[in-house]
Amino acid sequence: FPKRWNAIENKWIEGKGGEPSAWDSHFFFISNVLKVSEDKKTGFVKLSITWTDPDIAVTWINGIIELTNDYLQDEAKKKSEKNLAYLYNKLASINISEIRASLAKTIKSETEKAMMANVADDYALQVIDPAVAPDLDNPSFPRRFLMIVLSIFFGGILGGGIVICKVIFHKNTA
């Protein structure tokens, strides 16, 4: 919110909305800073952050990936522990051998899930292409050369259109 911030006095400008709320900041971040796209064919998810400081953007994107992995890993661990406790409780209370064998297979499968949740560093999101700060000497946006060429092109068209209109208007009045 650079329009609301007074950099000289290091404080928020009251007349322009003051300090943004947590909701305003979250909404701004989700709609303008963070971009998430999924390739439907491969299932790959691409995360990118556009920010004025590329080093901060790299730190944020790596932090988002780490927090997401940690959260999903913790949730998977809790779920597996809960499922295993239930299955062991049922196994102890049932004497029918077919059901006990089925429960043992389910316990084995759930134990494998718990093991994966406990040992995998990249549990949910695996980084294929690590985040790197862009080269400041060769920015990808804005494309200044393209902007200059298009400005000259459209300026020429606009100027030519004005000249043609003046010639036509001058002929009609004469």
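Above this note sits the structure.
Everything numeric in this text was worked out from a predicted model, so none of it was measured. (Residues numbered from 1 in each chain as written. Predicted model: local features only at pLDDT ≥ 70, side-chain atom pairs only at ≥ 80, totals over all residues. Heavy atoms only, no water.)

1. Observations concerning the packing of helix H2 (residues 54–93) against helix H3 (residues 97–119)
It is the contact of H2 with H3, at a shortest axis distance of 9 Å, that shows an interaxial angle of 160°. The orientation of H2 relative to H3 falls into the category roughly antiparallel. Crossing hand, H2 versus H3: left-handed. Where H2 abuts H3, its residues Gln 73, Ala 76, Lys 77, Lys 79, Ser 80, Asn 83, Leu 84, Leu 87, Tyr 88, Lys 90 and Leu 91 lie against Arg 100, Leu 103, Thr 106, Ile 107, Glu 110, Thr 111, Lys 113, Ala 114, Ala 117 and Asn 118. Broken down by class, the residue content of the contact of H2 with H3 amounts to nine nonpolar, six polar and six charged. (Axes fitted to C-alpha atoms, helices over the stretch in contact; angles between N-to-C directions. Helix = DSSP H or I, 4+ residues; strand = E, 2+ residues; numbered from the N terminus. Parallel < 35°, antiparallel > 145°, perpendicular 65-115°, else oblique. Left-handed = near helix turned anticlockwise from the far one by under 90°. Contact = heavy atoms within 4.5 Å. Nonpolar A, V, L, I, M, F, W, Y, C, P; charged D, E, K, R; others polar.)

2. Structural notes on the packing of aromatic side chains
With the rule as written, the count across this model stands at five aromatic pairs. Ring centres of Trp 5 and Trp 12 lie 4.9 Å apart, and the angle between their planes is 70°; on these two criteria the pair is classed as edge-to-face. For Trp 12, a relative accessible area of 25% puts it in the partly exposed group. Considering the side-chain rings of Phe 153 and Phe 154, the 5.2 Å spacing of their centres and the 70° angle between planes classify their relative orientation as edge-to-face. Residue class for Phe 153 comes out partly exposed when judged on its relative accessible area of 48%. A connected cluster of aromatic rings, assembled from ring pairs, spans Phe 29, Trp 51 and Trp 60. (Phe/Tyr/Trp six-rings, centres within 6.5 Å; stacked < 30°, edge-to-face > 60°. Buried < 20%, exposed > 50% of the residue type's maximum accessible area, 1.4 Å probe, protein only.)

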